[in-house]
Amino acid sequence: MRVLEKAPAKINLSLDVLHKRKDCFHEVKMIMTTIDLADRVELVDLPFEEIRIVSHNRFVPDDQRNLAYQAARLLKDRFGIRKGISISITKTIPVAAGLAGGSSDAAATLRGLNRLWNLGLTLDELAELGAEIGSDVSFCVYGGTALATGRGEIIHHIDPPPHCWVVLAKPTIGVSTADVYKNLNINTIKHPDVDGMIAAIEARDYDQICSLMGNVLESVTLTMYPEVGNIKDQMKRFGADAVLMSGSGPTVFGLVQYESRLPRVYNGLRGFCDQVFAVRMLGERNSLD
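Residues numbered from 1 in each chain as written. Predicted model: local features only at pLDDT ≥ 70, side-chain atom pairs only at ≥ 80, totals over all residues. Heavy atoms only, no water.

## Side note on the state of the cysteines
So, point 1. Applying the stated criterion across every chain, the model contains zero disulfides.
So, point 2. A disulfide-free cysteine, Cys 164 has its sulfur positioned 7.1 Å from the sulfur of Cys 210, the nearest such atom.
So, point 3. The thiol of Cys 273 is unpaired, and the distance to the nearest cysteine sulfur, on Cys 164, comes to 20 Å.
So, point 4. Of the residues examined, Cys 273 reaches a relative accessible area of 5% and is grouped as buried. (Disulfide = S-S within 2.5 Å. Buried < 20%, exposed > 50% of the residue type's maximum accessible area, 1.4 Å probe, protein only.)

## Side note on empty space enclosed by the protein
So, point 1. Using the criterion set out here, one finds one cavity of 30 Å³ or more in the structure.
So, point 2. In this structure, the largest cavity encloses a volume near 30 Å³.
So, point 3. Lining the largest cavity are Leu 13, Pro 161, Pro 162, Cys 164, Tyr 206, Ile 209, Leu 255 and Met 281.
So, point 4. Considering only residue class, the lining of the largest cavity consists of eight nonpolar, no polar and no charged. (1 Å grid on protein atoms, 1.4 Å probe; cavity = no way out; pocket = protein on both sides within 12 Å on 5 of 7 lines; lining within 4 Å. Points joined across faces, edges and corners; volume = space filled by probe spheres on them. Nonpolar A, V, L, I, M, F, W, Y, C, P; charged D, E, K, R; others polar.)

## Quick look at the layout of surface pockets
So, point 1. Of the pockets and cavities examined, the largest pocket occupies roughly 1100 Å³.
So, point 2. Around the largest pocket, the lining comprises 40 residues; the ones closest to its centre are Leu 67, Ala 100, Ser 103, Asp 136 and Thr 177.
So, point 3. Elements supplying a minimum of two residues to the lining of the largest pocket: strand S1 (2–20), strand S2 (26–46), helix H1 (67–79), helix H2 (101–116) and helix H5 (177–182).
So, point 4. Sort the elements by how many residues they give to the lining of the largest pocket and H2 lands first, with four residues.
So, point 5. By residue class, the composition of the lining of the largest pocket is 21 nonpolar, 13 polar and six charged.
So, point 6. Quantified by volume, the second largest pocket comes out at close to 190 Å³.
So, point 7. Asn 57, Phe 59, Lys 91, Thr 92, Ile 93, Pro 94, Val 95, Ala 96, Lys 170, Gln 275 and Phe 277 are the residues that line the second largest pocket.
So, point 8. Residue composition of the lining of the second largest pocket, by class: six nonpolar, three polar and two charged. (Helix = DSSP H or I, 4+ residues; strand = E, 2+ residues; numbered from the N terminus.)

## Topic: the environment of Arg 270
So, point 1. Turning to its location among the elements, Arg 270 is positioned in helix H10 (residues 262–270).
So, point 2. Separated by 101 residues in sequence, Arg 270 and Ala 169 place their C-alpha atoms 8.3 Å apart.

## Here we look at the packing of H1 against H2
So, point 1. Following both chains from N to C, one finds H1 and H2 inclined at 30°, their axes separated by 7 Å at the closest point. Classified by the interaxial angle, the pair formed by H1 and H2 is roughly parallel. Crossing angle aside, the handedness with which H1 passes H2 is right-handed. Residues Leu 67, Ala 68, Ala 71, Ala 72 and Leu 75 of H1 form the contact with H2, whose participating residues are Gly 102, Ser 103, Asp 105, Ala 106, Thr 109, Leu 110 and Leu 113.
So, point 2. In terms of residue class, the contact of H1 with H2 is made up of eight nonpolar, three polar and one charged. (Axes fitted to C-alpha atoms, helices over the stretch in contact; angles between N-to-C directions. Parallel < 35°, antiparallel > 145°, perpendicular 65-115°, else oblique. Left-handed = near helix turned anticlockwise from the far one by under 90°. Contact = heavy atoms within 4.5 Å.)

Shown next, in the form of structure tokens:
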């Protein structure tokens, strides 16, 4: 039997870090929403008990380091599943990009195996399991638009933002999330207005959403990797309505309300980055149907 799952990327419209926790994670308050840039995860039963990762992307690990592998292992161990599974991941989301590609692959694996193995788990139960794998996996199980708190695993759903275009540009560097958080000085950062962003989204006020976008991790990543700041500047120059780094970077995204302006922003960035995408904002939750 075979199951296919779509694994959409996310962007952070607002990302704040409140303090470092006793468990060495950071307490965050951030708004995430899904976009129409997605990996494809194909799950196929194997006749022997093995978890096999298949990917033609050399940056995707094919062992227990892979979050999709960890998702399958967690379900097998938790529910006593004595079956093998092949997990084929077709990557479209750039790797180590601040777009939660690996987390979304893991979430898609949880949803897909729930169907394939007839586990009967709800999205809430899958999200709770996802929190054991990684901070972004819970959100990716649900998709849509949400306020994420705690270390990112406590999800409060909010209305989707108004539809618009999203242009993404990823430079040819990888960023270590751990290094970014390690170098973050919480005493000097300027905190974004996350609550104001929620109100703007619920009011479907596109201009206010643009004005309130903020990410405290930019203060670290832009210092470590000046090319990220250069991409931000170029994206603004080419006419994006608002520009921000997603997650810990290095991907920069810009919102564009009108399709007529999209080609100028997209084509302009093609001269600075090999990986440039123009997609729509999704913002709608997943379902188990």
